[in-house]
Amino acid sequence: MRVTKKISAPFLQARPSGAIVIANLVDPQINTIKAFIDACQEKGLKYFVVGNKNDRVRNNSYLKIEKELKDNVLPISLKTRKNLLKLKRKIDDFFNKDRVIVLGVFNAGKTSLINYLCGTAYKVGDLPGTTLEFTKTSYKDLILIDSVGQLIDINKPMMVSIDFEGCKTIEDKIKRVFDEEQKGLAETYHTSEEGIIKVIKMIDRQIKKGKKIIVTGAGASALVAKEMAGQGLETGLPILAFTNDLAEAQPVSFAKGTAEEEAGLSRYINFVVNKGDVVISVSASGGTGFVYETLRQARKKKAITVAITENIDTPLGKQAEYIIKSNSKPEGPSSSKIQTAHLVIVHAINLVLADEKGITADDSVKFMLPEKVETKKMGIK
Ligand SMILES: Nc1nc2c(ncn2[C@@H]2O[C@H](COP(=O)(O)OP(=O)(O)O)[C@@H](O)[C@H]2O)c(=O)[nH]1
Ligand SMILES: [Mg+2]
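Residues numbered from 1 in each chain as written. Chains lettered and ligands numbered in written order. Predicted model: local features only at pLDDT ≥ 70, side-chain atom pairs only at ≥ 80, totals over all residues. Heavy atoms only, no water.

Asks: Could you give an account of the packing of aromatic side chains, with specific residues and numbers?
Replies: Inspection of every chain in the model, using the stated rule, returns four aromatic pairs. For the pair Phe 94 and Phe 95, a centre-to-centre distance of 5.1 Å together with 80 degrees between the ring planes defines the contact as edge-to-face. Judged by its relative accessible area of 32%, Phe 94 falls in the partly exposed class. Of the residues examined, Phe 95 reaches a relative accessible area of 4% and is grouped as buried. We note Lys 90 situated over the ring of Phe 48; from NZ or CZ to the ring centre the distance is 4.9 Å. (Phe/Tyr/Trp six-rings, centres within 6.5 Å; stacked < 30°, edge-to-face > 60°. Buried < 20%, exposed > 50% of the residue type's maximum accessible area, 1.4 Å probe, protein only. Lys NZ or Arg CZ within 6 Å of the ring centre and 35° of its normal.)

This is the structure:
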């Protein structure tokens, strides 16, 4: 019951007897897929794995995923209809009067698959949280159960980033947090290194041309953005942070309604964006409205766009010319491992860039020393 507990109450309530595990070939997120497979094995569910969105990747890219999962993966495309007849035959052969749950990370195409098979028109889309219910639909002699992509520990529905299963003491739990966050970082190193190198070289070129860096994010990603800009001040890098913390303080919420406010904030941020500037958007989910809208507007101004995110097949990923992908999942809805990874990514950019530019500790201390600004005392007119 260790893994299935993490898969949320509706998973158990849906009483599945079989599963189709669907990976997004564009962003496979193997560790989360493994958690889904572990849950199937633990519950004794018959399952097989498909790799969707084959139209967007090289034809043999599913082979790498097969190797990592040590499982067969049927490559399909719900868009071009590749291998869909094969998939239907496989479903017919594999299941018999089963309740089949469709499992996978958000955006993998779970709902699209059910719509294709059942002729339904359930809402699909590339924003996280498009599906929020475990809908059941008949297909031949089967019941197909749609699901949500988020892993949730049903024991502690209000937390949860890290699974404390098996921890007895506070000491155990603290150690688990440190161990898990380190694991997320180690995985992230492999998926982010190439992107970080490209971004460092590109930023170096742009700074030499007198351009600047604008970084944005919401919530915990706002902290990452501020950290990046704050450290930029200590290393002599021209980085400005704009987050939705500003939305209250700045005249961007004049427009009514969330959508207008998000677009308004993006417009506000883009007032400072010029051609050749670098705009970096940080979002764990890749679905934060003003954060990807900022990149869309920045592209129009011929700025260079960068995304730092865990989920690349998202509106944010689609707007970015450069992508730095973290790989810290699985974790619960309250991100901690992803935030840690994103902080380390911005540290890597800043510190390596400063070193490449020959900035020394002495220089850095000078950046930090307070400069005296002559001013009169407040209140004396
Ligand atoms: N290019 C491409 N897009 C797809 C494919 N299957 C689904 N999509 C798109 O991917 C997005 C997510 O699909 P959805 O079914 O909502 O994913 P879910 O979150 O797993 O239910 C939607 O915009 C779909 O139109 C595919 O095979 N190829
Ligand atoms: Mg869905």
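After that view of the structure, there is still more to cover.
Asks: Just give me the short version of the packing of helix H6 (residues 170-208) against helix H12 (residues 337-356), but keep the residues and values in it.
Replies: Helix-helix packing is described using two parameters, namely the angle between the two axes and the distance between the axes. H12 packs onto H6 with a crossing angle of 35 degrees between their chain directions and a minimal axis gap of 8 Å. In the crossing of H6 with H12, the sense of the turn from one axis to the other is right-handed. Two secondary-structure elements touch here, H6 through Glu 180, Glu 181, Gly 184, Leu 185, Thr 188, Ser 192, Ile 196, Val 199, Ile 200, Ile 203, Asp 204 and Ile 207 and H12 through Lys 337, Thr 340, Ala 341, Val 344, Ile 345, Ala 348, Ile 349, Val 352 and Leu 353. Broken down by class, the residue content of the contact of H6 with H12 amounts to 13 nonpolar, four polar and four charged. (Axes fitted to C-alpha atoms, helices over the stretch in contact; angles between N-to-C directions. Helix = DSSP H or I, 4+ residues; strand = E, 2+ residues; numbered from the N terminus. Left-handed = near helix turned anticlockwise from the far one by under 90°. Contact = heavy atoms within 4.5 Å. Nonpolar A, V, L, I, M, F, W, Y, C, P; charged D, E, K, R; others polar.)

Asks: Run through empty space enclosed by the protein, naming residues and quoting values.
Replies: This model, assessed by the stated rule, comprises two cavities of 30 Å³ or more. Quantified by volume, the largest cavity comes out at close to 80 Å³. Asn 24, Asp 27, Gln 29, Val 105 and Phe 106 are, among the 13 residues lining the largest cavity, the residues nearest its centre. Each residue belonging to the lining of the largest cavity can be placed in one class, and the counts come to six nonpolar, five polar and two charged. Taken domain by domain, the lining of the largest cavity gets at least three of its residues from each of domain 1 (4-145) and domain 2 (170-368). If you add up the space inside the second largest cavity, you get close to 50 Å³. Surrounding the second largest cavity, Ile 7, Ser 8, Phe 11, Phe 36, Ile 101, Leu 103, Phe 134, Ser 147, Val 148, Gln 150 and Leu 151 form its lining. (1 Å grid on protein atoms, 1.4 Å probe; cavity = no way out; pocket = protein on both sides within 12 Å on 5 of 7 lines; lining within 4 Å. Points joined across faces, edges and corners; volume = space filled by probe spheres on them. Domains from an automatic or database assignment.)

Taken by themselves, the reported measurements are silent on function.
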